[in-house]
Amino acid sequence: MDTSRGDVGIAIRSAFLGKGSKQKFSLIVLIIFSIVLIFAERIETKPLNYIRGFLKDTIYRGSLFVSLPTQSFNSIFHTTRNHLNLYTNYENLIVENNKLKNSISKQDFLEMENTQLRKLIEEQISSSANLVSARVLMDQKSPYLNSFIINAGANKGIKNGMAALDGENFIGRIVDVSFFSSRVLLVSDLNSRIPAITEPSGFHAIINGHGINNPTLEYLPINHNVKDGDKIYTSGKEGIFAPGIPIGEVKIENNIINVLLFSDLSQVTFANVKLGDKKNYK
Amino acid sequence: MAINFNRSKTKIFELLPLFLLFYISLNGSSVFNLVLFSINIQYIIIYYWVLKEPEYMGYGFIFLAGVITDIVLGLPIGVTALSLLVVAGFASYTRVVTVRVTVVSNWISFVPALIAANIFYYTSLHFSEFSINYLYLFRDSFFTFLFYPVFWLLFTLILKLAKI
């Protein structure tokens, strides 16, 4: 019994403490170093942030280079699929175009009314100069994190928490800023919680990401009357995002209020970052 | 001439697992995500090569690949490195205690390695206040285990080619 226990001890020592013939580090040293790194991730100091930022910028560039073949393959695949769906898309566009033509006059009126109302409540309408446009560098869909990297960072005044838009539609927020790049946590991610408001019903709620499926609308009042097709905007309630950024529309399935996003997150090439009032961000 | 060719060929095959590991890390495709299932290829590569030919797979490189994966995928730095090193540790232990490595013994001993790696992964993400889909991770581990023999055969073939 003692011998067998001793053998196990020797085997564990040999595996974790010993260095192999061509190994430069023992496993236990690297395991301890990894644990130290995990804890160091929570420490926010300027020198550490600089090192992290430099490391991330370098690896993002390397990753961009390495993923070129995969991206080219994906691009060919998408192009082929788009060509195959050309006729169906064309028919859908005709129907959509007719609908849009009908709604143009109504939209003009609403726009005018909206401008007047905004002036009335003296809300600051942010100008387009308040946006920073950036190209999506990497779109790595991890099963655990739906995010992508954009090629603008602290050098363009981007800070954590800022809203990221596709055109004018909300797609996520900045969660990690390096000097030349930043990470956008998409609204569909499991860690994403966005305060929102429904229109025309006017209920405040939280958009909850789920990773793979569409995000859902949660924390609505019990007696809400949100229905299919209701539009969803940022509420600006937290004071971080500007209010009224369009996000998506409601689709109720099996009593679950799904949010169909206005933007297709897999097709975003350029993202706008809303700088807003920088004092609000860290 | 022939000797030089053989040396170069052996060197290429020796570097192949490392090249594959770093390519996967930089490409952010450590989890091979298909429609119905997903496989963690990094776990399989590391477990196989540390068990069979540890000279081809340095622990320092495993650590580095883990750090790169964390940065590319946006996870707290050190989380993947830790879980990969745990897998390497189990592989190393199995190598020490096993006299003859067969696909079945190799496959079965992969289970505790996967469980331990996932426990470390969950725990470190939990402390980093990261939400993850546990069901997805369970499914990922299950299919990683299930597909291990397929990769075992593939890597054994590469190993044979390297030694011819």
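1. Quick look at the overall build of chain A
Scanning chain A from terminus to terminus reveals 5 helices and 12 strands. Of all 282 residues assigned to chain A, the portion counted as buried reaches 29%. Long-range contacts, defined as pairs at least 24 residues apart, comprise 54% of the intrachain contacts of chain A with a sequence gap of at least 6.

2. Considerations on the overall build of chain B
Across its full length, chain B holds 6 helices and 2 strands. Ordered by position from the N terminus, the helices and strands of chain B form the series α-β-β-α-α-α-α-α. In terms of principal-axis extent, the alpha carbons of chain B reach across some 55 × 30 × 30 Å. Counting all 164 residues of chain B, 43% fall into the buried class. Here the analysis covers contacts within chain B between residues at least 6 apart in sequence; of these, 70% occur between residues at least 24 apart.

3. A short note on the pairing of strand β4 (residues 169–177) of chain A
Residues and elements named next belong to chain A. Looking at chain direction, strand β3 (residues 163–166) and β4 are connected through 4 bridges and run antiparallel. Within the sheet, the bridge partner assigned to A163 lies in β4 and is R173. Linking β3 back to β4 in an antiparallel pair, the connection comprises 2 residues, with G167 at a positive phi of about 70°. With 5 bridges joining them, β4 and strand β5 (residues 182–186) adopt antiparallel strand pairing. Bridging across to β5, I174 finds its partner in V184.

4. Regarding the nonpolar core
Counting 91 residues, the largest nonpolar core has I46, Y47, L85, V87 and A88 of chain B as its most contacted members. Top contributing element to this core by residue count: helix α4 (residues 79–97) of chain B, with 11 residues. Taken domain by domain, the makeup of this core includes at least three residues from each of domain 1 (1–16 + 25–43) and domain 3 (128–280) of chain A. Look past the residues within four positions of V87 of chain B in its chain and what remains in contact with it is Y43, I46, Y47, A113 and A117 of chain B.

5. Considering the domain arrangement of chain A
Taken domain by domain, chain A holds domain 1 (1–16 + 25–43), domain 2 (85–120) and domain 3 (128–280). Relative placement of domain 1 of chain A and domain 3 of chain A: their C-alpha centres are 42 Å apart.

6. Focus on the confidence of the model for chain B
Overall, the prediction assigns chain B a mean pLDDT of 84, with 92% of residues at 70 or greater. Scoring of the predicted complex yields 0.72 for pTM and 0.84 for ipTM.

7. Here's the deal with the packing of helix α3 (residues 59–73) of chain B against α4 of chain B
Residue and element names in this part refer to chain B. At their nearest, the axes of α3 and α4 sit 7 Å apart, and the two run at 145° to each other. Seen along the crossing, α3 lies across α4 with a hand that is right-handed. On the side of α3, the interface is formed by Y59, I62, F63, A65, G66, V67, T69 and D70, while α4 contributes V79, T80, A81, L84, L85 and A88. For the contact of α3 with α4, the residue count by class is 10 nonpolar, 3 polar and 1 charged.

8. With respect to helix α2 (residues 41–52) of chain B
Its 12 residues give α2 of chain B an end-to-end C-alpha distance of 16 Å, which sits within 8% of 16 Å, the value for a rise of 1.5 Å per residue. Summarising burial for α2 of chain B: 10 of the 12 residues are buried, a large majority.

9. Concerning the sheet that holds β3 of chain A
Residue and element names in this part refer to chain A. Taken in spatial order, the 6 strands close into a barrel running β1-β2-β5-β4-β3-β12, and their pairing is antiparallel. The sheet shows a mean angle of 45° between the axes of neighbouring strands, taken without regard to direction. Most of the contacts of helix α3 (residues 46–66) go to strand β1 (residues 131–138), to which it runs at about 55°, and overall it touches β1 and β2 (147–150).

10. Side note on the environment of G172 of chain A
All names here are of chain A. Looking at where G172 falls in the secondary structure, it is placed in strand β4. Expressed as a C-alpha distance, the spacing of G172 and I31, which sit 141 residues apart in the sequence, is 34 Å. Filtering out sequence-adjacent residues up to four positions away, G172 remains in contact with A164, V184, L185, L186, V187 and S192.

11. Overview of the interface of chain B and chain A
Between chain B and chain A, the contact holds 40 residues from the first and 39 residues from the second. Where the side of chain B that touches chain A is concerned, the elements lending two or more residues are α1 (2–27), β1 (31–33), α3, α4 and α6 (134–163) of chain B. Element by element, the count of residues in the side of chain B that touches chain A is highest for α4 of chain B, at 10 residues. Here the residues of the side of chain B that touches chain A are counted per class, giving 24 nonpolar, 14 polar and 2 charged.

12. Structural notes on α3 of chain B
All names here are of chain B. When the terminal C-alpha atoms of α3 are compared, their 21 Å separation across 15 residues agrees well with the 21 Å that a helix rising 1.5 Å per residue should span. Counting buried positions along α3 gives 12 out of 15 residues, so the element sits mostly inside the fold. Downstream of α3 by one or two residues, G74 has phi in the positive range, about 80°.

13. Focus: the pairing of strand β6 (residues 193–199) of chain A
All names here are of chain A. Going residue by residue along β6, you find I194, A196 and T198 tucked away on one face and R193, P195, I197 and E199 left uncovered on the opposite face. Bridge analysis of β6 against strand β7 (residues 204–208) gives 5 bridges, and the strand direction is antiparallel. Note that in β7 the partner of P195 across the bridge is I206. The turn linking β6 back onto β7 is made up of 4 residues, and G202 within it adopts a positive phi angle of 75°. As judged from the 4 bridges shared by β6 and strand β9 (residues 231–234), these two strands associate in the antiparallel manner. Its bridge partner lying in β9, E199 is registered against K231.

14. Thoughts on unusual backbone geometry
All names here are of chain A. Cis geometry marks the peptide bond from E199 to P200, where omega comes out at 10°. Structurally, the position occupied by P200 is in the loop between β6 and β7. A positive phi angle, close to 60°, is found at Y219, a residue other than glycine. Among the structural elements, Y219 can be located in the loop between β8 (216–218) and β9.

So, how was this worked out
Residues numbered from 1 in each chain as written. Chains lettered and ligands numbered in written order. Predicted model: local features only at pLDDT ≥ 70, side-chain atom pairs only at ≥ 80, totals over all residues. Helix = DSSP H or I, 4+ residues; strand = E, 2+ residues; numbered from the N terminus. Buried ≥ 20, exposed ≤ 12 C-beta atoms within 10 Å, placed from the backbone. Contact = placed C-beta atoms within 7 Å. Pairing = 2+ DSSP bridges. Core = buried A, V, L, I, M, F, W, Y, C linked by C-beta atoms within 7 Å. Domains from an automatic or database assignment. pLDDT = per-residue confidence, 0-100. Axes fitted to C-alpha atoms, helices over the stretch in contact; angles between N-to-C directions. Left-handed = near helix turned anticlockwise from the far one by under 90°. Nonpolar A, V, L, I, M, F, W, Y, C, P; charged D, E, K, R; others polar. Expected span 1.5 Å × (residues − 1).

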